[in-house]
Amino acid sequence: MTLHESGAAKAAVACEGVWQVFGENAERALGDALGQNDGNAKAAASLLRERGLIAAVCDVDFEVGNGELFVIMGLSGSGKSTLLRCISNLIRATAGRIEIEGEDLRAAGGRRLIELRREKLGMVFQHFGLFPHMDVTENVAYPLRVKGVPARERRARADEVIRLVGLEGREGAYPRELSGGQRQRVGIARSLAVDPSIWFLDEPFSALDPLIRRQLQDEFLRIQARLKKSIVFITHDIAEALKLADRIAIMRDGEIVQIGTPAEIVLRPADDYVRGFSRDVAKGKHACVDSIMRPPGKDAPGDGDPGLRPDMTLDAALASCMSLYGAVPVRDDGGNVIGSVHPKDLVAALQVEDS
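The paragraphs below set out a description of the structure included in this document. Small disclaimer: the values here were computed from a predicted structure and weren't measured.

## So, the sheet that holds strand S4 (residues 95–100)
Here is step 1: The sheet built from 4 strands is open, its strands ordered S2-S1-S4-S5 with antiparallel pairing. The sheet is open, and its two borders are formed by strand S2 (54–64) and strand S5 (103–104), each paired with just one other strand.
Here is step 2: Bridge count for strand S1 (residues 13–22) against S2 is 7 bridges, and the pairing is antiparallel. The partner of valine 21 across the bridge, within S2, is alanine 55.

Encoded structure:
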């Protein structure tokens, strides 16, 4: 039996009741803690910590749809990277069920796990992990070499993904000859070489300078728009999460506090912890008209039609609405008119480029 109803489409990734507990006899300790607390996960986690064990991931449930970019974020120590390592089975979860395209990962044997990592799962980490003695092409082609792909075929595939990440002309360069952003592009290309259906990225841009980071985020979105991979992306940066995600899961102390779209996270935070992340966010950049739209007939529309659509951001909608208004005077201290400002110019001056 899978996590899904019979006949329903399988999620790319599905987690149910996933725990990761570090410490002596973790599985037994978790079972005892849950038993003593009638299955209450929060109370069980508290008891485990009192006993000196670390409940790094606590009873996590979520699904990632096919082609969805799912971001997991939280403060340092919240459990987000540990959760990713459980999902990819780099560490074995203490309890719970983890499915990759309907297959129970925790029930898979060692050989099957190797096959999954070689053929279905792409991984990119904060530290690039490039081979210093290999040039760009050799680094990118390495996973194909491990799979036994013939040299000509793996060279052609490496050239294809090198072009995809914008590294044409650097094929023969060694890692020491590349910038941080270029090395990260090599890491991304290498993870894509085997054409994985599911892509795991653990803070891949966090070590980069802000400008390079924004450029790579834009490049990443361009690649995703073309490839439509199912992605689990880890970050501690709310701006990055809001820019990239289809949905966001926010973690605290090993638990998922809220899962929602960027607009839901910004406009309807579940608690003060989530609200703290989005407090300084320019909400108009992430929320859309449909998040504040009233039903037809609720209010009588005024004159003029600025052409609003439900998927427009609030910033864009405000800019369009401002075109309905005329210029207003600007006066000096004596009340004399010294100029005028049109409301749409105010909006334009306050617009901030997407970060």
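## Considering helix H6 (residues 151–164)
Here is step 1: A rise of 1.5 Å per residue sets the reference length of H6, with its 14 residues, at 20 Å; its end C-alpha atoms lie 20 Å apart and thus fit the reference within 8%.
Here is step 2: Among all positions of H6, only Arg157, Ala158, Val161, Ile162 and Leu164 are buried. Down the axis of H6, the smallest arc covering the buried residues is 150°, so these residues share one side.
Here is step 3: Where H6 is buried, its residues touch helix H5 (136–147), helix H7 (180–192) and helix H8 (210–227).

## Focus: the pattern of salt bridges
A pair can form between side chains of opposite charge whenever their charged atoms are brought close.
Here is step 1: Scanning all chains against the criterion turns up 19 salt bridges.
Here is step 2: In this structure, aspartate 195 engages lysine 229 in a salt bridge whose closest nitrogen and oxygen atoms are separated by 2.6 Å. Linking aspartate 195 in the loop between H7 and strand S7 (198–202) with lysine 229 in the loop between H8 and strand S8 (230–235), this pair joins segments that are 34 residues apart in sequence.
Here is step 3: Exposure remark for aspartate 195: the relative accessible area of 48% places this residue in the partly exposed category.
Here is step 4: On the basis of relative accessible area, lysine 229 is assigned to the buried category, the value being 7%.
Here is step 5: What you see here is one network of salt bridges that share partners, running through Arg97, Glu99 and Asp104.

Parameters and conventions
Residues numbered from 1 in each chain as written. Predicted model: local features only at pLDDT ≥ 70, side-chain atom pairs only at ≥ 80, totals over all residues. Heavy atoms only, no water. Pairing = 2+ DSSP bridges. Helix = DSSP H or I, 4+ residues; strand = E, 2+ residues; numbered from the N terminus. Expected span 1.5 Å × (residues − 1). Buried < 20%, exposed > 50% of the residue type's maximum accessible area, 1.4 Å probe, protein only. Arc of directions from axis to C-beta. Contact = heavy atoms within 4.5 Å. Salt bridge = Lys/Arg side-chain N within 4 Å of Asp/Glu carboxyl O.

Geometric descriptors of this kind do not, in isolation, establish any biological role.
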